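Summary of the model geometry
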Amino acid sequence: MPSHSQTSHPERISHRHIEVFRALMLTGSATSAAQMLFTSQPTISREIARLEQLLGYALFERSQGRLRPNARALRLWEEVQRSWEGLDRVVEHAMALAQPHQASISVLCMPALSHALLPGALERMQRAHGEVAVSVTTQDGPLLQEWMTAQRFDLGLTEIAEAPPGTRILHLPAMDEVAVLPAGHALARKEVLVPQDFAAQPFISLARDDPYRQKMDAVFAGAGVQRRMLLETMSAVAVCAMVQHGLGVAIVNPLTAHACANAAMVVRPLSFSIPFQVHMLQPLHRPVVQEMDWLVQALQLEVQAQSQALRQAAKSQ
């Protein structure tokens, strides 16, 4: 039986062979390829000859001292280019990790918050700390909690005040829900709306299983007020769009109301309180990067700023 030192290992195609092949394809000559790789022209010729020997077929035609790629070389070149692009991305990512402003964080949030809260917070963060790569994914309810439990995201934004397994919860300041009315509506002349103001009004409501819808219904039931429940939707943004088209009045969260307010829709405070609060979920088993602290701070400042803006708007009306 042969000893270990006598066992032969067949030579395999190496990364160096592919690197030489790539240099030849890019430059068109062994001399230029040698310059590109800081080696000699004979070394390039020798490595290509060895690659062809290992492959068992020719890649280049020798003509008047030049190497011309054949059909097999061109097909191989397509694959090498794809692989090299992938390697380039790996290198770029590795280099970017050394630059704080190039770090990437992932956020999972309810659709309404991606429209009404997150953009302002991201703007604040970038003004304070420069560019940070952020990936935003929207999801509702149980799936949002499930994905945060699976540690798939750096931060979750939700209206649900319970931390799912594997996460901890941070609370943003609470704000009150507000009324949104078509511009020119009779109720827009009032500074503050009471439950009775909504009696017999066409009302655009959130979906029946929405917890804020249920709180609103309880308030109006307690006040003995009947609204005309003509339209309902799962989206607060859609509610505001319907109000802007004069389809009815509504009550929505103040963040969406602030983001959607325009000449076609006015916002009014309510005499009764339906607290609205956003909660931040952080995974317990995922590495924490400094940029997440920046975003959390920006979210806190954004909620405070929007709350103050709504109070000032209410005073000026």
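Scroll up to find the structure this text is about.
Let me begin by describing the structure that accompanies this report. Sequence order as written defines the numbering, with residues in each chain counted from 1. With pLDDT at 70 or above as the cut-off, local features in this predicted model cover only qualifying residues; side-chain atom pairs require 80 or more to be listed or tallied, and sums for whole chains, interfaces and linings still use all residues. Each side-chain value is worked out from all heavy atoms of the structure, with water and hydrogens disregarded.

A word on the layout of surface pockets
In this approach, a probe sized like a water molecule rolls over the atoms, and the result shows the empty space that is left. Only protein atoms enter the calculation, which uses a 1 Å grid: trapped sets of points that fit a 1.4 Å probe without letting it out are cavities, open sets showing protein on both sides within 12 Å along at least five of seven lines are pockets, and any residue with an atom within 4 Å of a point is a lining residue. Grid points are joined across faces, edges and corners, and a volume is the space filled by probe spheres set on the points. Of the pockets and cavities examined, the largest pocket occupies roughly 650 Å³. In this structure, the largest pocket is lined by 30 residues; those nearest its centre are Met110, Asp140, Glu159, Asp210 and Pro211. Strands are runs of DSSP state E lasting at least 2 residues, helices are runs of H or I lasting at least 4, and numbering of each runs from the N terminus. Those elements that provide at least two residues to the lining of the largest pocket are α5 (111–116), α7 (141–149), α8 (211–223), α9 (236–244), β11 (249–252) and β13 (275–276). Counting residues per element, the lining of the largest pocket draws most heavily on α8, at four residues. Here the nonpolar group is Ala, Val, Leu, Ile, Met, Phe, Trp, Tyr, Cys and Pro; Asp, Glu, Lys and Arg are the charged ones; every other residue, Gly included, is treated as polar. Looking at the lining of the largest pocket, its residues break down into 18 nonpolar, six polar and six charged.

A closer look at the pairing of β11
By the alternation rule, side chains of β11 split into Val249 and Ile251 and Ala250 and Val252, which are all buried. Strand pairing is assigned whenever DSSP identifies at least 2 bridges connecting the two strands. Two elements, strand β8 (residues 178–182) and β11, share three bridges in a ladder whose sense is antiparallel. Residue Ala179 lies in a different strand from β11, and its bridge partner there is Ile251. Two strands pair when backbone bridges link them, and strand β9 (residues 202–206) and β11 are joined in this way by two bridges, in the parallel orientation. Bridge pairing in β11 places Phe203 opposite Val249. The rule is simple: take the accessible area with a 1.4 Å probe, protein chains only, and divide by the maximum for that residue type; under 20% is buried, over 50% is exposed, in between is partly exposed.

A few points about the sheet that holds β8
Taken together, the five strands give an open sheet; going across it, the order is β10-β9-β11-β8-β12, and neighbouring strands pair in mixed fashion. The open sheet is flanked by β10 (228–233) and β12 (265–268), the only strands paired with a single partner. Neighbour to neighbour, the strand axes of the sheet diverge by 30° on average, direction disregarded. Examined bridge by bridge, β9 and β10 share five bridges and lie parallel to one another. Bridged to Ser205 within β10 is Glu232. For helices, the fitted axis covers only the stretch in contact; all axes are lines through C-alpha atoms, and the angles between them, taken along N-to-C directions, range from 0 to 180 degrees.

Remarks on the packing of aromatic side chains
Each aromatic pair joins two rings of Phe, Tyr and Trp (for Trp, the six-membered one) with centres within 6.5 Å, and gets the label stacked for planes under 30 degrees apart, edge-to-face for over 60, and tilted for any other angle. For the structure on display, the rule yields eight aromatic pairs. Taking 5.4 Å as the distance between ring centres and 70° as the angle between the ring planes, the aromatic pair formed by Phe198 and Phe220 counts as edge-to-face. Here Phe220 lies in helix α8 and Phe198 lies in the loop between β8 and β9, a separation of 22 residues in the sequence. Grouping residues by exposure puts Phe198 and Phe220 together as buried. An angle of 75° between the planes, with centres 6.1 Å apart, marks the rings of Phe220 and Phe272 as edge-to-face.

What to know about the pattern of salt bridges
We count a salt bridge whenever a side-chain nitrogen from Lys or Arg sits within 4 Å of a carboxyl oxygen from Asp or Glu. Counted by the stated rule, this structure contains eleven salt bridges. Between Glu79 and Arg82 there is a salt bridge, with its nearest N and O atoms 2.6 Å apart. Taken together, the positions of Glu79 and Arg82, both in helix α4 (residues 71–96) and three residues apart, correspond to about one turn of that helix. For Glu79, a relative accessible area of 39% gives the class partly exposed. With its nearest N and O atoms 3.3 Å apart, the salt bridge here joins Arg127 to Glu123. Taken together, the residues span about one helical turn, with Arg127 and Glu123 both in helix α6 (residues 118–129) at a distance of four residues. Note on Arg127: relative accessible area 57%, which makes it exposed. Take Glu123: its relative accessible area is 47%, and that puts it in the partly exposed class.

Some remarks on the environment of His285
Topologically, His285 is positioned in the loop between β14 (279–283) and α11 (290–316). With a relative accessible area of 63%, His285 lands in the exposed category. With 118 residues separating them along the chain, His285 and Thr167 place their C-alpha atoms 8.1 Å apart. If near-sequence neighbours (up to four positions away) are discounted, His285 is found in contact with Gln151 and Gly166. In what follows, residue pairs with any heavy atoms lying within 4.5 Å of each other are defined as contacts.

Concerning the sheet that holds β14
With mixed pairing, the five strands of this open sheet are ordered in space as β4-β3-β5-β14-β6. The open sheet has two edge strands with one neighbour each: β4 (133–138) and β6 (167–171). Averaged over all pairs of adjacent strands, the angle between their axes in this sheet comes to 25°, without regard to strand direction. When strand β3 (residues 104–109) meets strand β5 (residues 155–158), the two strands line up parallel, connected through three bridges. Within the sheet, the bridge partner assigned to Leu108 lies in β5 and is Gly156. The strands touched by α6 within the sheet are β3, β4 and β5, with β4 carrying the most contacts at an inclination of about 170°.

Worth remembering: the numbers are spatial, not functional.
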